[in-house]
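Each chain, written out:
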Amino acid sequence: MNKINFKTNSLLDGKEIAGPIATDDKYLLLSLFVGQFRFPDNIQEIIDILESVRNGSKTWLEANDDLMFMQIGYMCGDFKCDKETAYFIADNYDSTSYQDLEMPLQEVIDLMKDWKVFMS
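Anyway, here's the lowdown on the structure attached to this text. This one's a predicted model, so the numbers in the text were calculated from it and none came from an experiment.

## Let's talk about the packing of aromatic side chains
Part 1: In this structure the tally under the stated criterion is eight aromatic pairs.
Part 2: Residues tryptophan 60 and phenylalanine 79 carry aromatic rings whose centres are separated by 5.5 Å and whose planes lie at 80° to one another, so their mutual orientation is edge-to-face. Residue tryptophan 60 is found in helix H3 (residues 60-63), and its partner phenylalanine 79 is found in strand E4 (residues 77-81); the two are separated by 19 residues along the sequence.
Part 3: An aromatic cluster is built from Phe33, Phe37, Trp60, Phe79 and Phe88, whose rings are joined through pairwise contacts.

Take a look at the structure:
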């Protein structure tokens, strides 16, 4: 089952906007995380960070400049990972539809690679 779909929508002024769309509310933080990286170089930088954690050459803290979390959107949630698992942690400051999500880190890496191809 797809957790997110990549879509391009035409706007009235003739420009297009691309974005990952969650297939279910439980994947909203995942789609926001992926979509906040818009340029292939930025996407590759995130892929490199995640792969360095996945292959054990760095811990999450080492890979993420000693920051415990990577922010998702504006007060939407946070991301962190270990060698096997990616953690999307919802900010619960108010009543939102964001939900915590855990998924295999390799799956996030694969989605980021697909996103990079889509955005190239």
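## Considerations on the nonpolar core
Part 1: In terms of nonpolar packing, the biggest core is built from 31 residues, with Phe33, Leu50, Phe79, Phe88 and Met112 touching the most fellow members.
Part 2: Residues in contact with phenylalanine 79, not counting those within four places in the same chain, are Phe33, Leu50, Trp60, Met68, Phe69, Met70, Ile72, Ala86, Tyr87 and Phe88.

## Focus on the environment of tyrosine 98
Part 1: Tracing the chain through its elements places tyrosine 98 in the loop between strand E5 (85-90) and strand E6 (101-104).
Part 2: On a C-alpha basis, the gap between tyrosine 98 and leucine 29 in space is 6.4 Å, while along the polypeptide they are 69 residues apart.
Part 3: In contact with tyrosine 98, not counting residues within four places along its chain, are Leu28, Leu29, Leu32, Cys76 and Ala90.

## Some details on a nonpolar patch on the surface
Part 1: A grouping of Leu61, Met68 and Phe69 is seen on the molecular surface, where their side chains present a nonpolar patch of about 260 Å² in accessible area.
Part 2: Residue placement: leucine 61 occurs in helix H3.

## A few points about the sheet that holds E6
Part 1: Taken together, four strands build an open sheet; the order of strands is E3-E4-E5-E6 and the sheet is antiparallel. Either end of the sheet is taken by a strand with one partner, and the two such strands are strand E3 (70-72) and E6. Within the sheet, the average angular offset between the axes of one strand and its neighbour, ignoring direction, is 25°.

## Notes on the packing of helix H2 (residues 40-54) against helix H4 (residues 105-119)
Part 1: Contact geometry of H2 with H4 gives a least axis separation of 10 Å together with a crossing angle of 165°. As judged from the angle between their axes, H2 and H4 are roughly antiparallel. The chirality of how H2 crosses H4 is left-handed. Contacts between H2 and H4 involve Pro40, Ile43, Gln44, Ile46, Ile47, Leu50, Glu51, Val53 and Arg54 on the former and, on the latter, Leu105, Gln106, Val108, Ile109, Met112, Lys113, Trp115, Lys116 and Met119.
Part 2: Class assignment for the residues of the contact of H2 with H4 results in twelve nonpolar, two polar and four charged.

## Brief notes about the side chain of threonine 85
Part 1: By the element assignment, threonine 85 lies in strand E5.
Part 2: Each residue touching threonine 85, except ones within four places of it in the same chain, is listed here: Lys80, Glu102, Met103 and Leu105.

How each quantity is defined
- Residues numbered from 1 in each chain as written.
- Predicted model: local features only at pLDDT ≥ 70, side-chain atom pairs only at ≥ 80, totals over all residues.
- Heavy atoms only, no water.
- Phe/Tyr/Trp six-rings, centres within 6.5 Å; stacked < 30°, edge-to-face > 60°.
- Helix = DSSP H or I, 4+ residues; strand = E, 2+ residues; numbered from the N terminus.
- Core = buried A, V, L, I, M, F, W, Y, C linked by side-chain atoms within 4.5 Å.
- Buried < 20%, exposed > 50% of the residue type's maximum accessible area, 1.4 Å probe, protein only.
- Contact = heavy atoms within 4.5 Å.
- Patch = residues over 30% accessible without salt bridge, like charges linked within 9 Å, V, L, I, M, F, W, Y side chains within 5 Å.
- Areas by Shrake-Rupley, 256 points an atom, 1.4 Å probe, with all protein chains shown as cover.
- Salt bridge = Lys/Arg side-chain N within 4 Å of Asp/Glu carboxyl O.
- Pairing = 2+ DSSP bridges.
- Axes fitted to C-alpha atoms, helices over the stretch in contact; angles between N-to-C directions.
- Parallel < 35°, antiparallel > 145°, perpendicular 65-115°, else oblique.
- Left-handed = near helix turned anticlockwise from the far one by under 90°.
- Nonpolar A, V, L, I, M, F, W, Y, C, P; charged D, E, K, R; others polar.

Note that all results are geometric; they support no functional claim without further evidence.
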